[in-house]
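Here's the letter readout for the chains.
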Amino acid sequence: MRTPLVAGNWKLNKTAAETKVLIEEMLPGLEAVSNVDNLICPSYLAIPAAAEMLKDSKVALGAQNVYWEEAGAFTGEVAPDMVAEFCEFVIIGHSERRAYFGETDESVNRRTKAALAHGLIPVVCVGETLAENEAGKTDEVVSRQMRDGLAGLGITSADQLVIAYEPVWAIGTGKAAYPEDASRVIGQSIRPVLAELFGDEIAQGIRVLYGGSVKPSNARDFFSEEEVDGALVGGASLKADDFIKITEAAA
Ligand code: PGA
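Reading guide: rules and limits
Residues numbered from 1 in each chain as written. Predicted model: local features only at pLDDT ≥ 70, side-chain atom pairs only at ≥ 80, totals over all residues. Heavy atoms only, no water. Helix = DSSP H or I, 4+ residues; strand = E, 2+ residues; numbered from the N terminus. Buried < 20%, exposed > 50% of the residue type's maximum accessible area, 1.4 Å probe, protein only. Contact = heavy atoms within 4.5 Å. Pairing = 2+ DSSP bridges. Near = heavy atom within 4 Å. Polar contact = N/O pair within 3.5 Å; in protein donor to acceptor, adjacent residues only side chain to side chain. Areas by Shrake-Rupley, 256 points an atom, 1.4 Å probe, with all protein chains shown as cover.

> Any details on the environment of cysteine 41? Residues and values, ideally.
By the element assignment, cysteine 41 lies in strand β2 (residues 37–41). With relative accessibility at 0%, the residue cysteine 41 sits in the buried group. In sequence terms cysteine 41 and tryptophan 10 are 31 residues apart; their C-alpha atoms lie 5.9 Å from each other. Excluding residues that lie within four positions of it along the chain, cysteine 41 makes contacts with Gly8, Asn9, Trp10, Lys11, Gly62, Ala63, Gln64 and Ile91.

> So, the pairing of strand β5 (residues 121–126): which residues are in play, and what are the values?
Across the 6 residues that make up β5, a large majority, 6, are buried. Burial along β5 is two-sided: the face carrying Ile121, Val123 and Cys125 and the face carrying Pro122, Val124 and Val126 are both buried. Note that strand β4 (residues 89–92) and β5 share 4 bridges and pair parallel. Across the sheet, phenylalanine 89 pairs through a bridge with isoleucine 121, a residue of β5.

> Would you mind going over unusual backbone geometry in detail, with residue names and values included?
Across residues other than glycine, the phi torsion is negative in most instances, and most of the peptide bonds are trans. Positive phi outside glycine occurs at lysine 11, with the angle close to 50°. With respect to the element layout, lysine 11 can be found in the loop between β1 (5–9) and α1 (16–31). When its relative accessible area of 22% is taken as the criterion, lysine 11 is described as partly exposed. At serine 213, a position not held by glycine, the phi torsion is positive, near 60°. Among the secondary structure elements, serine 213 is positioned in the loop between β7 (207–211) and α10 (216–223). Exposure remark for serine 213: the relative accessible area of 15% places this residue in the buried category.

> Give me the lowdown on the site of the ligand, citing residues and values where you can.
Close to the ligand lie 13 residues, the nearest being Lys11, His94, Glu166, Gly172 and Ser213. In the environment of the ligand, an oxygen atom lies 2.6 Å from a nitrogen or oxygen atom belonging to the side chain of glutamate 166. Within the backbone of glycine 172, one N or O atom sits 2.6 Å away from an oxygen atom of the ligand. Isolated, the ligand exposes 280 Å² of accessible area, and the fraction of that covered by the protein chains is 95%.

In structure tokens form, the structure reads like this:
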């Protein structure tokens with residue numbers, strides 16, 4: 001059995017001071033739910049403050065990106081051991097990184113390897129655009145992102161990796177995928193590739209989240225799908241009540 005994971009991607013929102021307020025608002029409600037893991041991913045500069053608040057809690061902390069080099073002349077980048085000093089997880093290859101910051105399957109692969117080498121758990125995001133979806137290319141695109149993004153990782157246990165299936169057209173649009181469609185893509189194009197890459201047993205244990213307009217009103221429908229092991233939540237993770245309700249729905 002895979003323990004559900006409800007993760008919040010706060011994107012470019014909340015200063016360090018605002019982060020503290022939001023954590024204070026949501027922490028008691030999250031702590032009250034058992035059998036569900038939580039993760040929040042605030043902005044880099046809010047991470048040290050968040051780490052201090054979350055250190056004795058069940059809520060894990062993650063960054064939204066990481067560079068693959070360990071040190072050197074790479075102005076503006078953040079190295080894996082800098083992230084690992086405070087965080088357990090790191091989101092890699094989010095569709096906004098792919099769309100606005102030139103992220104490719106190759107750079108996703110480099111970041112993912114670097115994260116693993118420093119003991120971070122990558123949350124690798126895959127998902128098709130609207131045009132790809134309408135052209136019937138969803139499975140082709142998602143399985144390519146999986147194969148190329150995760151090539152040569154050398155994972156030895158299922159808890160080293162999390163996958164998030166996020167159809168690009170569902171992110172921030174209010175228009176979520178149908179839960180049964182998300183489950184089908186995971187069952188046909190994600191878990192089989194995990195099995196190819198890491199073997200059946202590890203593939204069965206890796207958590208695959210759905211992301212894209214998850215909210216309290218639709219969360220339960222996603223979590224009742226056998227292949228959906230939790231959610232990567234954007235907008236609704238910035239509202240304490242909503243994030244708590246989504247976590248409760250996963251329990
Ligand atoms: P959303 O974002 O929940 O606001 O659609 C999800 C994500 O980008 O991870």
